[in-house]
2 protein chains.
Amino acid sequence: MEHELIRARFEAFLKTKSLKLTSQREAIFERAFATHEHFTAETLHRWMCDGDDSRGKTVSRATVYRTLGLLEDAGFIGSLDTGRGELLYEHLLGHEHHDHLVCIECGKIDEFRNDMIEDLQEKVALDHGFELVRHSLRLEGHCKDCIKVVKQRKAAGETSRA
Amino acid sequence: MEHELIRARFEAFLKTKSLKLTSQREAIFERAFATHEHFTAETLHRWMCDGDDSRGKTVSRATVYRTLGLLEDAGFIGSLDTGRGELLYEHLLGHEHHDHLVCIECGKIDEFRNDMIEDLQEKVALDHGFELVRHSLRLEGHCKDCIKVVKQRKAAGETSRA
DNA sequence: GTATATGCAAACTGTTTGCAGGTGA
DNA sequence: TCACCTGCAAACAGTTTGCATATAC
């Protein structure tokens, strides 16, 4: 989806909700859609404070959290939890639904979509009398690059716990 | 699996790790395996303080967290995040691997197992060069009982945000 | 003009940690 | 005995909130 179009939708959304188009909301929105990575609220805040954004507009932490919540409610961005007490965001518009592969070694995140899994989930929900609203599927393991590292470490003799 | 057997495994585990069988660890272990519900560290702590446990042994919050971590590392219990900054535990022994259906209305948690989904996950990981270590799949929606409630609410006129 | 936003700092939640004293093997 | 544990309270991270001030419409 074109950036212009997404931007227009954002403005329309604010209008219909009688929310104001403030410079902060604009900056946060732009920054969130400028990246194709996943990011935490904290990361986004840092990006904006560090002037990594050309506009150099700084925004308070509170506003970042508030605005991300807003964007999520509106469906512009989605969140997935890292499994360790943090929320990762990603923009959704212009992006098909997908699930994630997370490398537990280096943190890399890959995306995938598998329609067969999606269909089976629907079926499972149905069988249990559930009306499926959303799902979160996270596959965790070692990515291509880390598999060797992990193997080497094992070969070098275990010193790990558990 | 028999309780006695699980208990024996727990003691064996402690022994092999040179960990001590303290009254606190014993009490936490027993309490965790006495329930078939999912629970948070906080909940378990409350259960124990409230003397809901016949032994009335109280244990500090810190020890509850430490012991649950221990039990998780050892594979006695598993954790799933609620999606909102809390960890839910469940005991694993005598319990096949399964995934969860969560009602976003009443919080009810159902379990399911679908081998086809499991296989497809392996396939996806393989296709991406990942070595799969674990996964977390959470289906969220409205359970049988809540579907009506939600419908009624909708019929009664939307007052919700977003 | 006024409802809505913002920034700040303080509050909150779930969890972890340092340390002095206690306890199981 | 002595390494390992515990309880406490303080520290932490991520996030939310109350309130006075600022701003979009």
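On a predicted model such as this, the values are computed, not experimentally measured, just so you know. (Residues numbered from 1 in each chain as written. Chains lettered and ligands numbered in written order. Predicted model: local features only at pLDDT ≥ 70, side-chain atom pairs only at ≥ 80, totals over all residues. Heavy atoms only, no water.)

(A) Inspection of empty space enclosed by the protein at higher detail. All names here are of chain A. Under the defined criterion, the tally for this structure stands at one cavity of 30 Å³ or more. In this structure, the largest cavity spans a volume of roughly 30 Å³. Around the largest cavity, the lining residues are His36, Glu37, His38, Glu90, His91, His95 and Glu111. (1 Å grid on protein atoms, 1.4 Å probe; cavity = no way out; pocket = protein on both sides within 12 Å on 5 of 7 lines; lining within 4 Å. Points joined across faces, edges and corners; volume = space filled by probe spheres on them.)

(B) View of the protein's contact with DNA strand C. All names here are of chain A. Around DNA strand C, a shell composed of 20 residues is seen, among which Leu19, Lys20, Thr22, Gln24 and Thr63 lie nearest. By atom count, sugar and phosphate contribute 64% of the portion of DNA strand C lying within 4 Å of the protein. Contact between DNA strand C and Thr22: a phosphate oxygen at 2.8 Å from a side-chain N or O atom of the residue. Arg66 is positioned such that a nitrogen or oxygen atom in its side chain is 2.9 Å from a base nitrogen of DNA strand C. Partitioned by chemical class, the residues of the surface near DNA strand C number seven nonpolar, six polar and seven charged. (Near = heavy atom within 4 Å. Polar contact = N/O pair within 3.5 Å; in protein donor to acceptor, adjacent residues only side chain to side chain. Nonpolar A, V, L, I, M, F, W, Y, C, P; charged D, E, K, R; others polar.)

(C) Here's a closer look at the protein's contact with DNA strand D. Near DNA strand D, the surroundings consist of 20 residues, among which Tyr65 of chain A together with Leu19, Thr22, Ser60 and Thr63 of chain B are the closest. Sugar plus phosphate, as a fraction of atoms of DNA strand D within 4 Å of the protein: 68%. Between DNA strand D and the protein, one listed contact pairs a phosphate oxygen with a side-chain N or O atom of Arg25 of chain B at 3.0 Å. Between DNA strand D and Arg66 of chain B, the relevant distance is 2.8 Å, taken from a base nitrogen to a side-chain nitrogen or oxygen of the residue. Secondary structure elements with two or more residues in the surface near DNA strand D: α4 (61-73) of chain A together with α2 (23-34) and α4 (61-73) of chain B. With four residues, α4 of chain A is the largest single contributor of residues to the surface near DNA strand D. (Helix = DSSP H or I, 4+ residues; strand = E, 2+ residues; numbered from the N terminus.)

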